[in-house]
Amino acid sequence: MALVEVKVPDIGDFDEVTVIELMVKVGDTIKAEQSLITVESDKASMEIPSSTAGVVKELRVKLGDKVKQGSVVLVLEASGAVSAPAEVPAVAAPATAPAVQSEPVAAPANVASVSVTSSTVAAAPAHNPGAPTLGLPHASPSVRKFARELGVPLEEVKGNGPKGRISQDDVQAFTKAVMAGAMQTKAQADKAPAGGDGAALGLIPWPKVDFAKFGPIERKEMGRIKKISGANLLRNAIMIPAVTNHDDADITELEAFRVSTNKENEKSGVKVTMLAFLIKACVAALKKYPEFNSSLDGDAIVYKNYWHIGFAADTPNGLMVPVIRDADKKGILQISQEMGELAKKARDGKLGPAEMTGATFTISSLGGIGGKYFTPIINAPEVAILGVCKSTQEPVWDGKQFVPRLMLPLSLTWDHRVIDGAAAARFNAYLGQILGDFRRVLL
Ligand code: CAO
C-alpha cells in the first residue's frame with residue numbers, strides 16, 4: 001500500500017492560513033474529494049479536500065496551526081493504484097480557491113507515486129469581523145454544507161466560536177431548539193403572523209375569502225399594539241387550559257359608600273372608582289389563596305410575595321394593561337388616582353415598559369360599558385384574571401322576600417394546571433364576601 005503525503009495546495013494570495021477545523025482523524029477511511037481540514041485567512045475560509053481515497057495514517061496538523069502552500073496535512077495509506085504526481089490546474093476556481101496537491105512520501109520503500117486529480121475548493125464569502133451580526137454568517141464551508149443539508153438558515157444561527165464563528169454544534173443546537181418548539185426560524189415566524197395559520201397545530205388553513213366579491217370593503221392594516229396583543233392572546237388562549245367561573249357579588253353598600261366618598265372628596269379631584277375597590281379586594285383574596293398570585297415555571301410554581309395588579313384599559317390603539325404596583329400597600333384613594341393617571345397615559349400612548357410589566361394578577365372591567373359575564377383570557381405568565389361587568393339592580397331573596405340589591409357580575413378565568421375548580425369557587429365566594437362587606441379586608 002502506498003503512503004501519500006497530502007499537502008496544502010496553492011492557496012492563492014495567502015502566505016499563511018490557520019487550521020480552524022479538522023474533519024478527519026487517524027484511522028478514518030476517506031474518499032477522494034472528501035474535505036480534510038478547513039483553513040482560514042483574515043478574508044476567507046476554505047476546505048482542503050483529498051485527491052486520493054485511503055486510510056488516514058497520521059495527522060500532521062492540529063487546530064490553530066499556521067500552514068502554507070506545501071505544508072503536509074496528513075499521511076494517507078492510499079487505496080488502489082497511485083501514479084506520479086502531476087501539476088493540476090484549478091478548475092473554474094475563484095482566485096483564492098486552492099487545488100489539492102498530493103505527493104508520494106519519499107522514505108518508505110513501498111511508497112508508490114500517486115496520481116493527483118484536480119480538486120477545486122469553493123472559498124466561503126469573505127468575513128468581516130467588524131460586520132454586524134445580521135451580515136454574512138461566519139462559518140466554514142463544511143458547516144455551511146451541514147446547515148444547507150438540514151435546511152438551517154445560517155444567518156439566524158448564533159455563533160459561539162471565536163469572533164462569532166458558527167460551528168456544527170451551533171447549527172445542531174439551533175436545530176434542536178426549533179424542533180423542541182423553543183425557537184422559530186424567520187420563515188416560520190413570517191408564515192405564522194399574529195393571527196397564526198394553525199399549521200403548527202395541524203389545523204386546516206384559515207379560509208381565504210375574496211370579500212369584495214360579496215360587497216364593498218375597506219382594508220386597514222392592524223396597528224402595532226393590536227398585532228402584539230393579538231399574538232399574545234392567541235398563545236395564551238391556546239396554551240393555557242383555562243376555565244371560567246361566574247359569580248355575583250352584592251355591592252349595594254359598597255356602591256353607596258363609593259358614591260358618598262366621592263361626594264365628600266369632590267374637591268380633591270380624585271374620583272374613587274369601583275375598580276379601585278376591586279383591586280384592593282382582589283389583593284385580599286390573592287393573599288388568602290396564593291396560588292392565584294403565582295406563575296408556572298416548568299414543573300415548579302413560583303409564588304410571588306408582592307401584589308402588582310394589572311388592569312385592562314381600552315385605548316384608541318388597542319388593549320393595554322397598566323400595572324398598579326404594590327397594591328397591598330396602597331389605599332383606595334391612591335389606587336384610584338394612580339389608575340386615572342395610568343389609564344390616561346395608556347390612552348395617550350405614553351405608558352413606559354415599567355408601567356406595563358410585572359403584574360401578578362389582572363382585572364378586566366367592562367363595568368363602565370355593559371354586559372353580564374364574559375370569559376377573559378389569562379395574561380401569561382399570570383395564572384388568573386378577573387373579568388367584571390356592569391352591576392345591575394336585581395331581586396335577591398333575603399329569606400323572607402325578594403329585595404332589590406346591586407349585583408356585580410364576576411368572571412374569574414384560571415389556569416387549571418395550577419388551580420382547581422374548588423379553589424376558584426372559594427376565591428370568588430371570598431371576593432364576594434369582601435365586596436359585600438369591605439370591613440373583612442381588615443380581618
Ligand atoms: N358597574 C356599573 N357601573 C360601573 C362599573 C360597574 N362594574 N364600573 C364602572 N362603572 C361606571 C363608573 O361608576 C362610571 O360611572 P359615572 O361616570 O357615572 O361615575 C362609568 O361606569 C365609567 O367608568 P370608567 O370606565 O371611567 O372607570 P372604571 O374605573 O370602571 O374603568 C378603565 C377604567 C381604564 C378600566 C376603563 O376606562 C376601561 O378602559 N375599561 C375597558 C377595559 C377593557 O376593555 N376590558 C376588556 C379587555 S378584553 O378585551
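Everything numeric here is computed off the predicted structure, so don't read it as measured data.

Asks: How would you sum up the nonpolar core? Please name residues and give values.
Replies: In terms of nonpolar packing, the biggest core is built from 54 residues, with Leu278, Phe292, Phe361, Ile363, Leu386 and Leu435 touching the most fellow members. For this core, the secondary structure elements donating two or more residues are helix H6 (274-288), strand S13 (309-311), helix H7 (332-347), strand S17 (361-365), strand S18 (384-388), strand S20 (402-415) and helix H8 (421-436). If near-sequence neighbours (up to four positions away) are discounted, Ile363 is found in contact with Leu275, Leu278, Ile279, Cys282, Ile309, Gly310, Phe311, Ala312, Leu386 and Val388. One finds Ile11, Phe14, Ile48 and Leu74 within the second-largest nonpolar core, a separate group that totals 22 residues.

Asks: Explain unusual backbone geometry residue by residue, including any values.
Replies: In this structure, the amide linkage connecting Ala380 to the following residue, Pro381, adopts the cis form with an omega of 10°. Tracing the backbone shows Pro381 in the loop between S17 and S18. Of note, the phi angle at Glu33 is positive, near 80°, even though the residue is not glycine. Within the element layout of this structure, Glu33 appears in the loop between strand S3 (29-30) and strand S4 (35-40). Residue Glu33 is classed as partly exposed on the basis of its relative accessible area of 44%. Even without glycine at this site, Asp326 takes up a positive phi of about 45°. Structurally, the position occupied by Asp326 is in the loop between strand S16 (323-324) and H7.

Asks: Please provide a residue-by-residue account of the site of the ligand, values included.
Replies: Near the ligand lie 19 residues; those nearest to it are Lys271, Asp314, Ser364, Cys389 and Ser391. Within the side chain of Lys271, a nitrogen or oxygen atom sits 2.8 Å from an oxygen atom of the ligand. Between a nitrogen atom of the ligand and a main-chain N or O atom of Cys389, the distance comes to 3.1 Å. Summarising the interface, the protein chains cover 66% of the accessible area of the ligand, which totals 970 Å² for the free molecule. Under a 2 Å grid-point criterion requiring more than half of the atoms, the pocket assigned to the ligand is the second largest pocket. Of all the secondary-structure elements, those providing two or more residues to the shell around the ligand are strand S14 (313-315), H7 and S17. Here the shell around the ligand is built from residues that sort into 9 nonpolar, 6 polar and 4 charged.

Asks: Explain the sheet that holds strand S2 (residues 17-22) residue by residue, including any values.
Replies: Working definition: the strands of a sheet are paired by backbone hydrogen bonds and lie parallel or antiparallel to each other. Strand order across the open sheet formed by 4 strands is S5-S4-S2-S7, with antiparallel pairing between neighbours. The sheet is open, and its two edges are formed by strand S5 (45-49) and strand S7 (66-67), each paired on a single side. Across 2 bridges, the pairing between S2 and S7 is antiparallel. The partner of Val17 across the bridge, within S7, is Val67. In the packing of helix H1 (residues 141-150) onto the sheet, contacts are made with S2, S4 and S5, and the angle to S5 comes to roughly 90°.

Asks: Break down the packing of aromatic side chains for me, citing the residues and quoting the values.
Replies: By the definition in use, this model includes 8 aromatic pairs. Ring centres of Phe257 and Phe277 lie 6.1 Å apart, and the angle between their planes is 65°; this geometry places the pair in the edge-to-face category. In this pair, Phe257 is assigned in helix H5 (residues 252-264) and Phe277 in helix H6, connecting sequence segments 20 residues apart. An aromatic cluster is present here, built from Tyr289, Phe292, Phe361, Phe427 and Tyr430 joined pairwise through their rings. The cationic tip of Lys287 hangs over the ring face of Trp307; the distance from NZ or CZ to the ring centre is 4.6 Å. Above the ring of Tyr430, the side-chain terminus of Lys288 is found at 5.2 Å from the ring centroid.

Asks: Any chance you could break down the layout of surface pockets for me, citing the residues and the numbers?
Replies: Here the second largest pocket is characterised by a volume of approximately 960 Å³. Elements with a minimum of two residues in the lining of the second largest pocket: H5, H6, S14, strand S15 (318-320), H7, S17 and S20. By residue class, the composition of the lining of the second largest pocket is 20 nonpolar, 12 polar and 7 charged.

Asks: Describe H5, naming the residues involved and giving the relevant values.
Replies: Side chains three or four residues apart in an α-helix point the same way, a direct result of the helix having 3.6 residues per turn. A rise of 1.5 Å per residue sets the reference length of H5, with its 13 residues, at 18 Å; its end C-alpha atoms lie 19 Å apart and thus fit the reference within 8%. For H5, every residue scored as buried is listed here: Leu254, Arg258, Thr261 and Asn262. End-on, the buried residues of H5 take up no more than an arc of 95°, which puts them together on one face. Opposite the buried face of H5, by more than 90 degrees, sit the exposed residues Lys263 and Glu264. Buried residues in H5 make contact with H6 and H8.

Procedures and definitions
Residues numbered from 1 in each chain as written. Predicted model: local features only at pLDDT ≥ 70, side-chain atom pairs only at ≥ 80, totals over all residues. Heavy atoms only, no water. Core = buried A, V, L, I, M, F, W, Y, C linked by side-chain atoms within 4.5 Å. Buried < 20%, exposed > 50% of the residue type's maximum accessible area, 1.4 Å probe, protein only. Helix = DSSP H or I, 4+ residues; strand = E, 2+ residues; numbered from the N terminus. Contact = heavy atoms within 4.5 Å. Near = heavy atom within 4 Å. Polar contact = N/O pair within 3.5 Å; in protein donor to acceptor, adjacent residues only side chain to side chain. Areas by Shrake-Rupley, 256 points an atom, 1.4 Å probe, with all protein chains shown as cover. 1 Å grid on protein atoms, 1.4 Å probe; cavity = no way out; pocket = protein on both sides within 12 Å on 5 of 7 lines; lining within 4 Å. Sits in = over half its atoms within 2 Å of the grid points. Nonpolar A, V, L, I, M, F, W, Y, C, P; charged D, E, K, R; others polar. Pairing = 2+ DSSP bridges. Axes fitted to C-alpha atoms, helices over the stretch in contact; angles between N-to-C directions. Phe/Tyr/Trp six-rings, centres within 6.5 Å; stacked < 30°, edge-to-face > 60°. Lys NZ or Arg CZ within 6 Å of the ring centre and 35° of its normal. Points joined across faces, edges and corners; volume = space filled by probe spheres on them. Expected span 1.5 Å × (residues − 1). Arc of directions from axis to C-beta.

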